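Remarks on the overall topology
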Amino acid sequence: MARDPSPAARQEARDRSDSDWAATQPPRGRREPSRRRKAAATDSATVDLVDWLSENPDAIERIQEVGNILAGPVIQELDKRFGGGKPREARRRLTKHFWCDLLIALADAVGKFSKALDRIPEYVTTVIMQSRETERRSPLLEALVGLAVRTAWEPIRSMVHTTGIEELQRTCRILAVLICPASEDHKAVQDGALLPLAKEGLLETSKERLEQVFPADWVHRLREGLGGA
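Attention here is on the structure that accompanies the text.

Topic: the layout of surface pockets
In this structure, the largest pocket encloses a volume near 380 Å³. Around the largest pocket, the lining is made up of 17 residues, and of these I104, K187, A188, D191 and G192 lie nearest the centre. Put simply, the parts of the chain that give the lining of the largest pocket at least two residues each are α5 (98-112), α6 (120-134) and α9 (187-201). The element that contributes the greatest number of residues to the lining of the largest pocket is α9, accounting for six residues. Looking at the lining of the largest pocket, its residues break down into eight nonpolar, three polar and six charged. Contributing to the lining of the second largest pocket are 14 residues, with L53, I60, I63, Q64 and L178 lying nearest its centre.

This is the structure in structure tokens:
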């Protein structure tokens, strides 16, 4: 959609997002926002990121490069080791927020360990395992997670030198948002991708919608990151 020179598909997605938001109601009293309202807010942010990508074609290529790594060598290694006779079933288990967990943890690790890159796979594996436990998601074998991380990291590591740390972090974060099956339910994506991306790729409308559906501490960190704007 971001590659399409015509803005028609992007505008259609934005219109759909706006319509979904308008069809929901703010929560009453102390009730939490509905899942549908949260989804409409995160969809609004996703549309903003696609628009931003349409104006930054180099970023599209970097995202495609990382996506190809996950869909190619990483999946191939996991199929060989853990696919057994039913690789599609094994893959289906990984669609439940595993790939976005991996991307968010990589973006975080690149920033923290830029001077100690060899430690990143171990750190990323630990973060993913802890995140899934905290969010009570289906458990995955640590060996599977470790293999996926190591296989993804080697080619991604070379991008640190060619694109720089900040660009690689942005790439992983945007891809995490785009592939996450339900970012309104995935705290790691909310904190590790939407929050840092808000200051550069989201319109004010999307920021306001996110503020209405996410907790007060998230909103505080968002506005703090925007310099109190």
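Overview of the environment of K96
With respect to the secondary-structure elements, K96 resides in the loop between α4 (87-94) and α5. K96 sits in the exposed class, given a relative accessible area of 52%. Counting along the chain gives 84 residues from K96 to C180, while the straight-line C-alpha distance between them is 8.5 Å.

Quick word on the state of the cysteines
Considering all chains together, one arrives at zero disulfides under this definition. C100 carries a free sulfur, and the closest cysteine sulfur to it, the one in C180, is 3.7 Å from it. What makes C180 buried here is its relative accessible area of 10%.

A look at unusual backbone geometry
The phi torsion at H97 lies on the positive side, around 75°, for a residue other than glycine. Structurally, the position occupied by H97 is in the loop between α4 and α5. Residue H97 is classed as buried on the basis of its relative accessible area of 7%. With a phi close to 55°, R136 is a non-glycine residue in the positive phi region. With respect to the helices, strands and loops of the structure, R136 is situated in the loop between α6 and α7 (142-163). A residue is classified by how much of its surface remains accessible, and R136, at 79% relative accessible area, is exposed.

What counts, and at which threshold
Residues numbered from 1 in each chain as written. Predicted model: local features only at pLDDT ≥ 70, side-chain atom pairs only at ≥ 80, totals over all residues. Heavy atoms only, no water. 1 Å grid on protein atoms, 1.4 Å probe; cavity = no way out; pocket = protein on both sides within 12 Å on 5 of 7 lines; lining within 4 Å. Points joined across faces, edges and corners; volume = space filled by probe spheres on them. Helix = DSSP H or I, 4+ residues; strand = E, 2+ residues; numbered from the N terminus. Nonpolar A, V, L, I, M, F, W, Y, C, P; charged D, E, K, R; others polar. Buried < 20%, exposed > 50% of the residue type's maximum accessible area, 1.4 Å probe, protein only. Disulfide = S-S within 2.5 Å.

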